[in-house]
Amino acid sequence: MIQILLFLLLQCSMSSRAPPKALLQDMVVPPRQLFGPGPSNMADSIAETQSKNLLGHLHPEFVQIMGDVRLGLQYIFKTENKYTFAVSGTGHSGMECAMVNLLEPGDKFLVVEIGLWGQRAADLANRMGIEVKKISAPHGKAVPVEDIQKAIAEYKPNLVFVCQGDSSTGVAQPLETIGDACREHGALFLVDTVASLGGTPFDADALKVDCVYSATQKVLNAPPGLAPISFSDRAIEKIRNRKQRVASFYFDALELGNYWGCDGELKRYHHTAPISTVYALRAALSAIAKEGIDESIQRHKDNSQVLYAALKNHGLEPFVEDEKLRLPCLTTVKVPEGIDWKDVAGKMLTNGVEIAGGLGATVGKIWRIGTFGINSNKTKIENVVELLSKSINETRSKL
C-alpha cells in the first residue's frame with residue numbers, strides 16, 4: 001500500500017492527472033464454472049489462442065485463418081452459401097446485420113415470437129420503420145408450424161424471423177416446412193441460432209433458410225465478440241437489388257463478404273477484425289470438426305437426458321413441459337414456490353458455479369442452466385444439479 005501511495009505521489013508530480021488507483025493493481029478473475037446461458041467455459045485449446053501474437057488484418061497468414069473459419073462455419077451451418085462469414089460483434093450484431101440488409105422501407109416483417117429474442121427483432125424492425133406482424137406462443141411453448149404457414153400465406157411478408165432456441169424460455173421452435181412456405185409466398189427466411197447452433201439439429205440448406213446467424217460464446221466455447229452469419233443466394237440477390245443502400249456501412253453484407261473473401265474479388269479495407277477472437281473461433285470450429293457436428297449435437301441431446309433425470313431425482317421440474325420442445329443445450333427450471341431464485345443463484349456462485357435466473361417475462365419464474373460444449377458432460381451436469389438442490393434446501397431452511 002505504501003508503495004502505491006509513493007507511486008501516486010510521484011505520478012502527481014509528473015502528470016497533470018493522477019492515474020486511477022484500481023489500475024495500479026492486478027485485476028481479479030476468479031475461476032468459475034459457467035453453467036448460465038452464456039458465455040461458457042473455454043477449452044484449453046481455445047484459451048491458448050488468446051496469447052498468440054497478433055497478425056495484421058490483411059496479412060496472408062490471417063487471410064488463411066479467415067478462410068479456415070469460413071469453411072468451418074459452412075460446416076456447422078450445413079450450407080454451401082458463399083456469403084458465410086463472421087460479423088465483428090456479439091450475437092446481437094448478427095441480428096442487426098441480417099435485418100439492416102434484408103429489410104428496407106415498404107417491406108413487411110413477420111416475427112415468430114417464443115420469448116425475448118422475437119420481441120427484440122420486432123423492436124429493431126420498429127426502429128427501422130418496418131411494418132411488423134407478430135405471431136406468438138405462451139412462454140414455455142412453441143408456435144405451431146401450421147399457424148406460421150397460415151400467417152405467411154395471409155400476411156405475405158418480405159422476411160420471416162424465427163429464433164430456433166430462445167435462451168429466455170428454453171424453447172426449441174420447430175423449423176420444418178417454414179422455408180417451403182416462405183419460398184411459396186416470396187418471403188426470405190431468417191433464423192437465430194445463437195443459443196442452439198451445435199447443440200440441436202440445424203441444416204440451413206435443407207431447411208431452405210436464407211439467412212442464419214449465431215454467436216461464439218455458447219456451444220462453440222469461444223469468447224463473445226463474433227457473430228457467425230450466412231446469406232443464401234436469394235438473400236444476396238435481395239441485397240443487390242435494394243431500392244436504397246444498406247444504411248450501415250459496418251454491417252453491409254456485401255462489404256463484409258468482400259473482406260472475408262466471399263465474392264472472389266480483390267479485398268477492400270472494411271474494418272480491422274478482432275484478430276485474437278478470430279483465432280479463438282478458428283480453434284472452436286476445429287474442436288467441433290474433430291468431434292463431428294452430428295456427434296456434438298447427439299452428445300448435447302444425450303446429456304440433456306442426464307440433466308432431466310437429475311432434476312427429477314431432486315424434485316425439480318423443467319419449465320418447458322413438452323420434452324420435444326426443450327432446447328438440449330439450455331434447460332429452464334421452475335423455481336419452487338417460496339424460493340428466492342437470487343438467493344439460490346448467489347449461493348451457487350459463492351461455490352464457483354454460475355447459473356442464471358429468467359430473462360424478460362420469465363424473471364423470478366425460472367433458472368437457466370446452460371450445458372454448452374465442454375460443459376455438456378455427465379459428471380459436471382450431475383454435480384451442478386446436486387449443488388442447485390443443496391442451495392435450495394439451504395435457502396428453504398432459513399424461511
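Residues numbered from 1 in each chain as written. Predicted model: local features only at pLDDT ≥ 70, side-chain atom pairs only at ≥ 80, totals over all residues. Heavy atoms only, no water.

Description of the nonpolar core
Thought 1: Phe 109, Phe 202 and Phe 231 are the most contacted members of the largest nonpolar core, which has 105 residues in total.
Thought 2: Ranked by residue count, the leading element in this core is helix H10 (residues 275–291), at nine residues.
Thought 3: With sequence-adjacent residues up to four places away left out, Phe 231 is seen in contact with Asn 81, Tyr 83, Phe 85, Cys 97, Ala 98, Asn 101, Leu 102, Asp 210, Cys 211, Ile 236, Ile 239 and Ala 253.
Thought 4: Membership of the second largest hydrophobic core comes to 23 residues, among which are Ile 339, Trp 367, Ile 369 and Leu 387. (Core = buried A, V, L, I, M, F, W, Y, C linked by side-chain atoms within 4.5 Å. Buried < 20%, exposed > 50% of the residue type's maximum accessible area, 1.4 Å probe, protein only. Helix = DSSP H or I, 4+ residues; strand = E, 2+ residues; numbered from the N terminus. Contact = heavy atoms within 4.5 Å.)

A short note on the UniProt feature "binding site: substrate" (unreviewed entry) in the protein
Thought 1: Following the UniProt record, one finds the feature "binding site: substrate" (unreviewed entry) at Arg 368.
Thought 2: If you trace the backbone, Arg 368 turns up in strand E14 (residues 366–370).
Thought 3: Accessibility expressed as a relative area gives 7% for Arg 368, which makes it buried.
Thought 4: A distance of 2.9 Å separates a polar atom in the side chain of Arg 368 from the backbone oxygen of Ser 167. (UniProt positions renumbered as here; feature names shortened; annotations may be inferred. Polar contact = N/O pair within 3.5 Å; in protein donor to acceptor, adjacent residues only side chain to side chain.)

Here we look at the environment of Ile 178
Thought 1: Note on placement: Ile 178 falls in helix H7 (residues 178–184).
Thought 2: Sequence-wise, Ile 178 and Pro 328 are 150 residues apart; in three dimensions their C-alpha atoms are separated by 21 Å.
Thought 3: Residues in contact with Ile 178, not counting those within four places in the same chain, are Val 145, Ile 148, Ile 152, Val 162 and Phe 189.

What about the state of the cysteines?
Thought 1: Taken as a whole and assessed by the stated rule, the structure comprises zero disulfides.
Thought 2: Take Cys 97: it sits in no disulfide, and the sulfur closest to it among the cysteines is that of Cys 211, at 7.0 Å.
Thought 3: Using a relative accessible area of 0% as the deciding quantity, one classes Cys 97 as buried.
Thought 4: No disulfide involves Cys 182; its sulfur sits 12 Å from that of Cys 211, the nearest cysteine. (Disulfide = S-S within 2.5 Å.)

Some thoughts on the sheet that holds strand E3 (residues 108–113)
Thought 1: One open sheet accounts for seven strands, arranged E2-E10-E9-E8-E5-E3-E4; its pairing is mixed. The sheet terminates laterally at strand E2 (83–88) and strand E4 (131–136), the two strands that pair on one side only. Averaged over all adjacent pairs, the angle separating strand axes in this sheet is 20 degrees, with direction ignored.
Thought 2: Bridging between strand E8 (residues 188–192) and strand E9 (residues 211–213) involves three bridges; their strand directions are parallel. The partner of Leu 190 across the bridge, within E9, is Cys 211. (Pairing = 2+ DSSP bridges. Axes fitted to C-alpha atoms, helices over the stretch in contact; angles between N-to-C directions.)

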